[in-house]
Amino acid sequence: MGKTQPPTNPVPLRPRFNHEIDPALMREYPALWDTFRADGRAFRSDAARWNVWYLMGFDDVREAFQRSDLFSSRTVIAFAEEKEQMPWIPLTLDPPEHQKYRRLLNPWFSETTAKEIAPRVRERCIELIESFRATGRCDLVTDFARLYPTTIFMKIMGLPVEESGTFLGWIDEMMHTTDDSGVSRTVRSSAQQRIMEYLGELINARRKDPRDDLVTYLTRASIDDRPLTDMELMAISFLLYMAGLDTVAGMLTYIFRHLADNPDHRKHLREHPESIPDAVEEFLRYYAIVTTSRVVTHDLEFGGCPMRAGDRVVLPTAAANRDPNQIAEADHFKIDRSQNRHLSFGAGPHRCLGSHLARVELAVAIEEWHRRIPDYRIEPGANVTQHVAGVAGLDTLPLIWENSRG
Amino acid sequence: MKVIVDSNRCQGHARCRAICPELFELDDLDQKSRVKLETVPPELEKKTARAVNECPEDALSLVR
């Protein structure tokens, strides 16, 4: 399994470690993974009833993503009971079942489709930037990073764009209320409930009054010669909704913090817009936001860890991407890196469905922003904190700039 | 020089297409990469090598 050498040392234990709420990780994400990797290619946490194994190296993380026979995605939250995992289709399905659903969705998120909708993405991006440019300031998180991918995604789905504020509030409650208190659990499940009710109504509305959107398409799609059930439609819509709203937003917060702090990189991208796609790959590699998880399907040794069926493996894409065995100067950000390889969109059958759209959105944002707001900085004294959870991002990013072009 | 796509490993990341669109295309439905040319023209060898190296799944290989 996975280039295993016999373990010379026992796998380190980090008592009670949980990446979703660990204060040190929240302060030092993603560099803290490098410190952990120096102690071994994996470590174990005892914060759950089952073992939770954290893989730190590129090869191990990738193989775990690829080997869905050994590592099931029937639950993707490492510290949740399996029965707590609601179905998110196709993510929580394993092959071969998974592929049936994935094939329905692929054409909507293909590279070709992403290129086709790029002009609409650009239009929306410009509109947002122009809405605050003259004021000389914005909170990148609330004024741009969250609204931009959200509204594009809502258009694809067929959701009413003017309600994006409400949806983002629900997402916040669902995904960023990460502690384990009874109150948080109630908040999470009631937000989830409201999202489900909303999506249920949307599905019914599209059945009665079809439109040219993804939800309508799904109401007409079939699997194994039968139409999708309401439960399947909800499970698909719910996953797309969550995956589409929070991820690009998180990436944008790291990109803009980085560029605010590095005027030479801003200059480089302004003067060489053709190099933006390569820079996007380096941002994706260096500031990877996703830390997901899989269930061990049967007893095995993997990555030097004695795993048992029912254990979980955590796959921190940021740790894999910074593996010095994989990439030269992995802990350095190189804006013009020309040989790049990363697992920021995962690997194997569940490779991020939205990756092509995400790349377009990120490149367009960098290009259009710097045409309009070439120079800016983080507001002095701002306390910029971040969340890690399953999808990392900054909580706030107040930016200011000279308003000379008015 | 030839390049071969292992379609069991390919998961449609499309890095190869982004790096060398002259050589690679993607199937919209199953999202697998396909090689358009029988052999790699000399002027594309450098880009092809980069595409092979950047594939996150190691799905591409060069045959000389």
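That block above? That's the structure.
Residues numbered from 1 in each chain as written. Chains lettered and ligands numbered in written order. Predicted model: local features only at pLDDT ≥ 70, side-chain atom pairs only at ≥ 80, totals over all residues. Heavy atoms only, no water.

Student: Can you break down the overall build of chain A residue by residue, with the values?
Tutor: In terms of regular secondary structure, chain A is built from 15 helices and 14 strands. Its C-alpha atoms give chain A a radius of gyration of 21 Å, within 12% of the compact-globule value 22 Å for 406 residues. By principal-axis analysis of the C-alpha atoms, chain A measures approximately 65 × 55 × 40 Å. Scored against the burial criterion, the 406 residues of chain A give a buried share of 58%. (Helix = DSSP H or I, 4+ residues; strand = E, 2+ residues; numbered from the N terminus. Rg over C-alpha atoms; globule rule 2.2 N^0.38 Å. Buried < 20%, exposed > 50% of the residue type's maximum accessible area, 1.4 Å probe, protein only.)

Student: Lay out the interface of chain A and chain B with the relevant residues and their values.
Tutor: Interface size is commonly expressed as the accessible surface area that is lost when the partners come together. Between chain A and chain B, the residue contacts involve 25 residues of the former and 18 residues of the latter. Here chain A meets chain B over a buried area of about 2000 Å², counting both sides, of which 36% is carbon and sulfur. Summed over the shared surface of chain A and chain B, the number is 17 residue pairs in polar contact (both at pLDDT 80 or more). Residue assignment for the side of chain A that touches chain B shows that the elements contributing at least two residues are α3 (58–66), α5 (111–132), α13 (276–286) and α15 (355–372) of chain A. Across the side of chain A that touches chain B, the residue classes tally to 5 nonpolar, 11 polar and 9 charged. (Contact = heavy atoms within 4.5 Å. Buried area = accessible area lost by both parts, 1.4 Å probe. Polar contact = N/O pair within 3.5 Å; in protein donor to acceptor, adjacent residues only side chain to side chain. Nonpolar A, V, L, I, M, F, W, Y, C, P; charged D, E, K, R; others polar.)

Student: Help me get a handle on the environment of Arg270(A), residues and values and all.
Tutor: Residues and elements named next belong to chain A. Along the chain, the position of Arg 270 falls in helix α12 (residues 263–271). For Arg 270, a relative accessible area of 30% translates into the label partly exposed. Distance from Arg 270 to Trp 369, taken between C-alpha atoms, is 9.7 Å for residues 99 residues apart in sequence. Dropping the residues within four chain positions of it, Arg 270 is found in contact with His 370, Pro 374 and Asp 375. Within polar-contact distance, the side chain of Arg 270 engages the backbone oxygen of Pro 374 at 2.7 Å.

Student: Which residues make up empty space enclosed by the protein, and what values do they have?
Tutor: Following the criterion strictly, the structure yields 5 cavities of 30 Å³ or more and no others. Class assignment of the residues belonging to the lining of the largest cavity gives a composition of 9 nonpolar, 4 polar and 2 charged. (1 Å grid on protein atoms, 1.4 Å probe; cavity = no way out; pocket = protein on both sides within 12 Å on 5 of 7 lines; lining within 4 Å. Points joined across faces, edges and corners; volume = space filled by probe spheres on them.)

Student: I'd love a proper account of the layout of surface pockets, names of residues and values included.
Tutor: Each pocket or cavity is described by its volume, and for the second largest pocket that value is around 640 Å³. Looking at the second largest pocket, it is lined by 26 residues, and the ones nearest its centre are Lys115(A), Pro277(A), Arg359(A), Arg15(B) and Ala18(B). Among the secondary structure elements, those contributing two or more residues to the lining of the second largest pocket are α5, α13 and α15 of chain A together with α1 (15–19) and α2 (45–54) of chain B. The element contributing the most residues to the lining of the second largest pocket is α15(A), with 6 residues. For the lining of the second largest pocket, the class distribution of residues is 13 nonpolar, 2 polar and 11 charged.

Student: Describe in detail the packing of aromatic side chains, supporting the description with residues and values.
Tutor: All names here are of chain A. Evaluated as defined, the whole model comprises 28 aromatic pairs over all chains. Measuring from centroid to centroid gives 6.4 Å for Phe 17 and Trp 33, while their planes differ by 70°, and the two rings are edge-to-face. Taken together, the residues Phe 17 in the segment before α1 (23–28) and Trp 33 in helix α2 (residues 32–38) connect sequence positions 16 residues apart. Since its relative accessible area comes to 5%, Phe 17 is described here as buried. (Phe/Tyr/Trp six-rings, centres within 6.5 Å; stacked < 30°, edge-to-face > 60°.)

Student: Before we move on, could you go through the pairing of strand β1 (residues 2–5) of chain B and cite the residues and values that matter?
Tutor: All names here are of chain B. Residues of β1 alternate between two faces, with Val 3 and Val 5 buried on one and Lys 2 and Ile 4 left unburied on the opposite face. In terms of strand pairing, β1 meets strand β4 (residues 60–63) through 4 bridges, oriented antiparallel. When the bridges of β4 are listed, Lys 2 appears paired with Val 63. (Pairing = 2+ DSSP bridges.)

Student: Which residues make up the sheet that holds strand β14 (residues 398–400) of chain A, and what values do they have?
Tutor: Residues and elements named next belong to chain A. Reading across the sheet, the 3 strands line up as β4-β14-β11 and stay open at both edges, with antiparallel pairing between neighbours. One side of each edge strand has no neighbouring strand; the edge strands of this open sheet are β4 (137–139) and β11 (377–378). Pairing analysis gives 3 bridges linking β4 to β14, with the strands arranged antiparallel. Considered in β14, the bridge of Cys 138 is made with Leu 399.

Student: Outline the nonpolar core, listing residues and values.
Tutor: In a soluble, globular protein the nonpolar side chains are often hidden away together inside. Residue and element names in this part refer to chain A. Counting 113 residues, the largest nonpolar core has Trp 33, Phe 144, Tyr 148, Phe 283 and Trp 369 as its most contacted members. Ranked by residue count, the leading element in this core is helix α11 (residues 230–261), at 19 residues. The contacts of Phe 144, once residues within four sequence positions are left out, are Cys 125, Leu 128, Ile 129, Phe 132, Asp 139, Pro 149, Leu 252, Phe 256, Ala 365 and Trp 369. If you look at the next biggest cluster of nonpolar residues, it comprises 19 residues, including Ala 42, Val 61, Phe 71 and Val 313. (Core = buried A, V, L, I, M, F, W, Y, C linked by side-chain atoms within 4.5 Å.)

Student: Quick rundown of the side chain of Thr48(B)? Include the residues and the values.
Tutor: All names here are of chain B. Mapping Thr 48 onto the fold places it in helix α2. A relative accessible area of 0% places Thr 48 in the buried class. Contacts of Thr 48, omitting those with residues within four sequence positions, involve Met 1, Val 3, Cys 20, Leu 23, Val 40 and Leu 62.

Student: Outline the sheet that holds strand β10 (residues 312–316) of chain A, listing residues and values.
Tutor: Residues and elements named next belong to chain A. Pairing is mixed in the open sheet, where 5 strands are placed in the order β1-β2-β10-β7-β3. Two strands lie at the open edges of the sheet, namely β1 (42–45) and β3 (71–72), each paired on one side alone. Pairing analysis gives 5 bridges linking strand β7 (residues 291–296) to β10, with the strands arranged antiparallel. Paired with Ser 293 across the bridge in β10 is Val 314. Strand contacts of α3: β2 (52–55), β3, β7 and β10, with the helix running at about 120° to β10, the strand carrying the most contacts. (Axes fitted to C-alpha atoms, helices over the stretch in contact; angles between N-to-C directions.)

Student: How would you summarise the side chain of His342(A) if you had to cite specific residues and measurements?
Tutor: Tracing the backbone through its elements, the reader meets His342(A) in the loop between α14 (317–321) and α15. Of the polar contacts made by the side chain of His342(A), one reaches the side chain of Glu281(A); its length is 2.8 Å. In terms of polar contacts, His342(A) uses its side chain to reach the backbone amide nitrogen of Ser344(A), at 3.2 Å. Ignoring anything within four residues of it in the chain, the contact list for His342(A) reads Phe58(A), Glu281(A), Leu284(A), Arg285(A), Asn321(A), Arg359(A) and Pro56(B).

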